[in-house]
Amino acid sequence: MYAQEVKSTGKGVKALEEMSAEERAFQERIDAGEKIEPKDWMPDGYRKTLVRQISQHGHSEVVGQLPEGNWITRAPTLERKSILLAKVQDEAGHGLYLYSAAETLGVSRADLIDDLLAGRAKYSSIFNYPTLNWADMGAVGWLVDGAAIVNQVALQRTSYGPYSRAMVRICKEESFHARQGYDIMMKMAGGTAAQKQMAQDALDRLWWPALMMFGPPDADSVHSAQSMAWKIKVMTNDEGRQKFVDQTIPQIEYLGLEVPDQDAVLDAESGHYRFTDPDWREFFEVLKGNGPCNVDRLRARNMAHDEGAWFREGLMAHAKKQQIAAE
Amino acid sequence: MTNEWPLWEIFIRGQHGLSHRHVGSLHAPDAEMAILNARDVYTRRNEGVSLWVVKSSDISASAPGRKGPMFDPSNDKTYRHPTFFDIPDEVGSM
């Protein structure tokens, strides 16, 4: 998802009787559905896994501003421009909620951001794909934020209090994102033949990367079991992907567009769609840094960070001067 | 790094008549900027009519490990709850 391959302890899940008294009391609180709060005792692995997941999630929100930021100055109308600007501003806000949640685990935000800028931290593979034209703004809002909603609605039930509360805030704002995207798609799919073709093309290109957002198949997802036991993760990758496909295919049909997967059919018995897996080799390549836009994205983040340094330092110098004057 | 903006805890009053509630934190160079940043980060959709910002380092908290000794006594005194007392129905609502 926004955190697609979060390493956990790398070990199997311990049975209750193998745990120390502290670990056991902790696991029992989680099993009872209690939230864990920042100053509570927690296993080292729980803290580390959470820091990885929340910071990756935060980085995804921040880098996620770039593909859409690309089109703010070229939006077709002033209204579309204002909407897109508000949406991108929300993404910045979501990144800040998440960094704030990660910091409650005793890490410094500056260190997390350094890890991103230096290329040591991961963010969602989806943001390493280009946004080529205005139809992509529709497809991104609809598919990417739609996929994010599936994951984030589930994550409201995550065991760590600050993370769960950040998800509640984010979910409240996210449906605006998906709806504005679908609104663009409806306009384009109902427009001229050329506009409809642009909508189809955007869907064709973003469908597979959107499916990849949920992470590798459960069978290959080595770190999931421990994260699920700790309720850091509350839904498996395959469950999320299925839910997304089931909700999205009828929306494609409503637009009068073709589902990009010829083999996608509704299985009458299960009530779920069967669908083709995306190309997992491509997914792992993008995650490793070899996607179409990985280099561009990091370059843009580094440039923004470096060019904003004088401003951050200037405000801090001013604050210090005021403080000395007041003393 | 001393040049890092300090951390502030943000409290919002949702509407007139309610108390300020903690909503999260953010970094800012001083209180004035913390309020402006909090406006942008935490109140983009009518969430509040008033903001408090407090430096995180200025907050003292009770220790979670001492939750028992700290709060258990409030459970022993069941007579503090009105339901402890049986008042006959004939008396009417009280």
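Our subject is the structure that appears above.
Residues numbered from 1 in each chain as written. Chains lettered and ligands numbered in written order. Predicted model: local features only at pLDDT ≥ 70, side-chain atom pairs only at ≥ 80, totals over all residues. Heavy atoms only, no water.

**Q** Describe in detail the overall build of chain A, supporting the description with residues and values.
**A** Scanning chain A from terminus to terminus reveals 13 helices and two strands. On C-alpha atoms alone, chain A measures out to a radius of gyration of 21 Å, which is about the 20 Å that the 2.2 N^0.38 rule sets for 327 residues. Along the longest, intermediate and shortest principal axes, the C-alpha atoms of chain A span 65 × 60 × 35 Å. Buried positions account for 51% of the 327 residues belonging to chain A. Across chain A, every contact between residues at least 6 apart in sequence was considered, and the portion connecting residues at least 24 apart equals 79%. Looking at chain A as shown, the accessible area adds up to about 15200 Å², and 54% of this sits on carbon and sulfur atoms. (Helix = DSSP H or I, 4+ residues; strand = E, 2+ residues; numbered from the N terminus. Rg over C-alpha atoms; globule rule 2.2 N^0.38 Å. Buried < 20%, exposed > 50% of the residue type's maximum accessible area, 1.4 Å probe, protein only. Contact = heavy atoms within 4.5 Å. Areas by Shrake-Rupley, 256 points an atom, 1.4 Å probe, with all protein chains shown as cover.)

**Q** Outline the packing of aromatic side chains, listing residues and values.
**A** Residues and elements named next belong to chain A. Per the stated rule, a full pass over the model turns up twelve aromatic pairs over all chains. Aromatic pair Phe26 and Tyr46: ring centres 4.8 Å apart, planes at 75 degrees, arrangement edge-to-face. With Phe26 in helix α1 (residues 21–31) and Tyr46 in helix α2 (residues 44–63), the pair connects residues that are 20 residues apart, well separated along the chain. Overall, the relative accessible area of 3% leaves Phe26 in the buried class. (Phe/Tyr/Trp six-rings, centres within 6.5 Å; stacked < 30°, edge-to-face > 60°.)

**Q** Outline the packing of α2 of chain A against helix α4 (residues 78–103) of chain A, supporting the account with residue identities and numerical values.
**A** Residue and element names in this part refer to chain A. Remark: α2 packs on α4, axes separated minimally by 8 Å, with the N-to-C direction vectors making an angle of 160 degrees. By the angle between their directions, the pair α2 and α4 is classed as roughly antiparallel. For the element pair α2 and α4, the recorded crossing hand is left-handed. Residues Ile54, Ser55, His57, Gly58, His59, Glu61 and Val62 of α2 form the contact with α4, whose own contacting residues are Glu91, His94, Gly95, Leu98, Tyr99, Ala101 and Ala102. In terms of residue class, the contact of α2 with α4 is built from six nonpolar, six polar and two charged. (Axes fitted to C-alpha atoms, helices over the stretch in contact; angles between N-to-C directions. Parallel < 35°, antiparallel > 145°, perpendicular 65-115°, else oblique. Left-handed = near helix turned anticlockwise from the far one by under 90°. Nonpolar A, V, L, I, M, F, W, Y, C, P; charged D, E, K, R; others polar.)

**Q** Could you give an account of unusual backbone geometry, with specific residues and numbers?
**A** If you check the backbone angles, Lys231 of chain A has positive phi at about 55 degrees while not being a glycine. The topology assignment puts Lys231 of chain A in the loop between α9 (224–229) and α10 (237–255). Backbone geometry places Asn46 of chain B, a non-glycine residue, at a positive phi of 60 degrees. With respect to the helices and strands, the residue Asn46 of chain B is situated in the loop between α1 (31–42) and β3 (50–55).

**Q** Before we move on, could you go through the side chain of Asp40 of chain A and cite the residues and values that matter?
**A** Examined against the element boundaries, Asp40 of chain A turns out to sit in the loop between α1 and α2. Since its relative accessible area comes to 14%, Asp40 of chain A is described here as buried. The contacts of Asp40 of chain A, once residues within four sequence positions are left out, are Arg29 and Lys35 of chain A together with Pro64 of chain B.

**Q** Report on the interface of chain A and chain B, specifying residues and quantitative values.
**A** With 23 residues of chain A at the contact, the number on the chain B side is 22 residues. Buried surface at the junction of chain A and chain B, both sides included, amounts to about 1800 Å², of which 52% is carbon and sulfur. Its largest share of buried area at the contact with chain B, chain A owes to Arg169, Leu315 and Met316 of chain A, together 26% of the area lost on that side. Between chain A and chain B we count five salt bridges in total. As a salt-bridge pair, Arg44 of chain B and Glu173 of chain A come within 2.9 Å of each other at their nearest N and O atoms. Taken together, the links from chain A to chain B amount to eleven residue pairs in polar contact (both at pLDDT 80 or more). Contributions of two or more residues to the side of chain A that touches chain B are made by α4, α5 (109–117), α7 (161–189) and α13 (309–326) of chain A. For the side of chain A that touches chain B, the residue count by class is seven nonpolar, six polar and ten charged. (Buried area = accessible area lost by both parts, 1.4 Å probe. Salt bridge = Lys/Arg side-chain N within 4 Å of Asp/Glu carboxyl O. Polar contact = N/O pair within 3.5 Å; in protein donor to acceptor, adjacent residues only side chain to side chain.)

**Q** Give a detailed account of the pairing of strand β1 (residues 7–13) of chain B, specifying residues and quantitative values.
**A** On a regular strand, each side chain points to the face opposite its neighbour's, so the side chains alternate between the two faces of the sheet. Residue and element names in this part refer to chain B. Counted residue by residue, β1 has five buried out of seven residues, so it is predominantly covered. Pairing between β1 and strand β2 (residues 20–27): seven bridges, direction antiparallel. Residue pairing in the sheet places Arg13 in a bridge with His20 of β2. Between β1 and β2, which follow one another and run antiparallel, lie six residues, and Gly17 among them has a positive phi close to 100 degrees. Of the pairings in the sheet, the one linking β1 to β3 comprises six bridges and is antiparallel in character. Bridge assignment links Glu9 to a residue of β3, and that residue is Val54. (Pairing = 2+ DSSP bridges.)

**Q** Report on the pattern of salt bridges, specifying residues and quantitative values.
**A** Residues and elements named next belong to chain A. This structure, assessed with the given rule, holds 25 salt bridges over all chains. When the shortest N-O distance is used, the salt bridge between Arg205 and Asp201 registers 2.9 Å. In this pair, Arg205 and Asp201 both sit in helix α8 (residues 193–212), four residues apart, roughly one turn of the helix. Accessibility expressed as a relative area gives 26% for Arg205, which makes it partly exposed. Overall, the relative accessible area of 27% leaves Asp201 in the partly exposed class. Residue Glu285 is joined to Lys288 by a salt bridge in which the shortest nitrogen-to-oxygen separation is 3.1 Å. Residue Glu285 and its partner Lys288 are located together in helix α11 (residues 280–290), separated by three residues, close to a single helical turn. The exposure class assigned to Glu285 is partly exposed, which follows from its relative accessible area of 33%. One continuous salt-bridge network, built from bridges that share partners, spans Glu68, Lys87, Glu91 and Asp145.

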